[in-house]
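What follows is each chain in one-letter form.
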Amino acid sequence: MAEVLDTGQFISGTPVEDFEAAYARFSGVKFAAGTGNGTDALTACLLALGTGPGHEVVLPANTFVATALAVHETGAKPVLAEPDEYTHNLSPASLQASLTAHTTTFIPVHLYGRPCALYDLWEFAKKHSLYMVEDNAQAQGAQYKGKSTGSFGHINATSFYPTKNLGALGDAGAVTTDDPELYERVCRWRNLGSTEKYRHDTLGRNSRLDTLQAAFLLLKLEHLENWNRERRRAAERYTRNLASCAALQLPAADTDEEPVFHLYVVRARERERLQVFLAGKGIQTLVHYPVPIHLQPAFRHLGYAPGDFPVAERLAREVLSLPLFIGITDAEIDYVCEHIIQFYT
Ligand SMILES: *Cc1c(COP(=O)(O)O)cnc(C)c1O
């Protein structure tokens, strides 16, 4: 912060360029472009691909609302798909049912930090001539078969909202891609349609990555692998402690997947009562997310009804995020687990 204050440059400049280069390297892509937040990063990806009115973009019904809002923002229609019951993620099988002649793009979301089956999805994209845009907001550092999430799609978005695995001290986001043309379009769009001062060849938005946030992110990026390791270790302890609890379904991962446990999400019998019981023991739990996109009042105009996505609705009723944060101790994890087991017995 002192360095940025000394330079007096608060928009763009070296910290932004350095962070973008470091984040591109971290993600295994040629280009990263910072944006003001993750929702705008998704919008930028879609607009760079030419997404607009008349197009349909498929996304999972159980994602965070921002994924659907970004599609809406482009003028395209968000079309929802069922998540896979066990991975909570989009699969080619779940996508297939949502395709129409207007589908141009689909957005796999690596929900809770668990990577989607990315090679299968990429094959699906090629087979149907679709664009793939990863929503990597919850999975920075995750890998599928040794390759980083955020490097598979034609162009991909992430968020550095403070609670994400890599969090800024405020709002921030980024786009990652290997495609120089898509990268240029994002750079113009986030900067009022301009790459050269006072020359505007295209329309755009003001959604740059703040210089201060870039400076913070550059420092925090050095710790991300350690922090992800710590999340994985905490997750393993939960899984070990809770393995014999038949009322819970614990998060799993296939051998091809290297998840980063943005959240540790179980499916729980009697979730509401469990949540109240744990709150009484001083244990905060959260639900990601209680209302699937198709049942949100804001998306009523899409014409969906209760029952349209039974898997997403069942997950919304059963999912529970247990405490997981950098610095959580083994004793704290054990305390949570003991009380969960006590509740069910
Ligand atoms: C956080 C998040 C976003 C949006 O990011 P913001 O930076 O808050 O705009 C998009 N998609 C998913 C899945 C997220 O978790």
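Residues numbered from 1 in each chain as written. Predicted model: local features only at pLDDT ≥ 70, side-chain atom pairs only at ≥ 80, totals over all residues. Heavy atoms only, no water.

Draft legend 1. Region of the structure containing the packing of aromatic side chains. Evaluated as defined, the whole model comprises 14 aromatic pairs. Between tyrosine 119 and phenylalanine 152, the ring centres sit 5.1 Å apart and the planes meet at 80°, which makes this aromatic pair edge-to-face. Within this pair, whereas tyrosine 119 is found in helix 6 (residues 118-127), its partner phenylalanine 152 is found in the loop between strand 7 (147-148) and strand 8 (156-159), the two being separated by 33 residues in sequence. Measuring from centroid to centroid gives 4.9 Å for tyrosine 238 and tyrosine 264, while their planes differ by 25°, and the two rings are stacked. With a gap of 26 residues between them, tyrosine 238 in helix 9 (residues 224-242) and tyrosine 264 in strand 12 (residues 264-268) connect regions that are remote in the sequence. Comparing tyrosine 238 with tyrosine 264 shows no difference in burial state: the two are buried. An aromatic cluster of three or more residues is present, and its members are Phe19, Tyr23, Phe26 and Phe160. The ring of phenylalanine 152 is capped by lysine 147, whose NZ or CZ atom sits 5.0 Å from the centre of that ring. (Phe/Tyr/Trp six-rings, centres within 6.5 Å; stacked < 30°, edge-to-face > 60°. Helix = DSSP H or I, 4+ residues; strand = E, 2+ residues; numbered from the N terminus. Buried < 20%, exposed > 50% of the residue type's maximum accessible area, 1.4 Å probe, protein only. Lys NZ or Arg CZ within 6 Å of the ring centre and 35° of its normal.)

Draft legend 2. Here's a closer look at the packing of helix 3 (residues 38-48) against helix 4 (residues 65-74). Packing of helix 3 against helix 4 leaves a shortest axis separation of 8 Å and a crossing angle of 45°. Between helix 3 and helix 4, the angle falls in the class oblique. The two elements helix 3 and helix 4 cross, and the hand of that crossing is right-handed. Contacts from Thr39, Leu42, Thr43, Leu46 and Leu47 of helix 3 reach helix 4 at Ala66, Thr67, Ala70, Val71, Glu73 and Thr74. Within the contact of helix 3 with helix 4, the residues separate by chemical class into six nonpolar, four polar and one charged. (Axes fitted to C-alpha atoms, helices over the stretch in contact; angles between N-to-C directions. Parallel < 35°, antiparallel > 145°, perpendicular 65-115°, else oblique. Left-handed = near helix turned anticlockwise from the far one by under 90°. Contact = heavy atoms within 4.5 Å. Nonpolar A, V, L, I, M, F, W, Y, C, P; charged D, E, K, R; others polar.)

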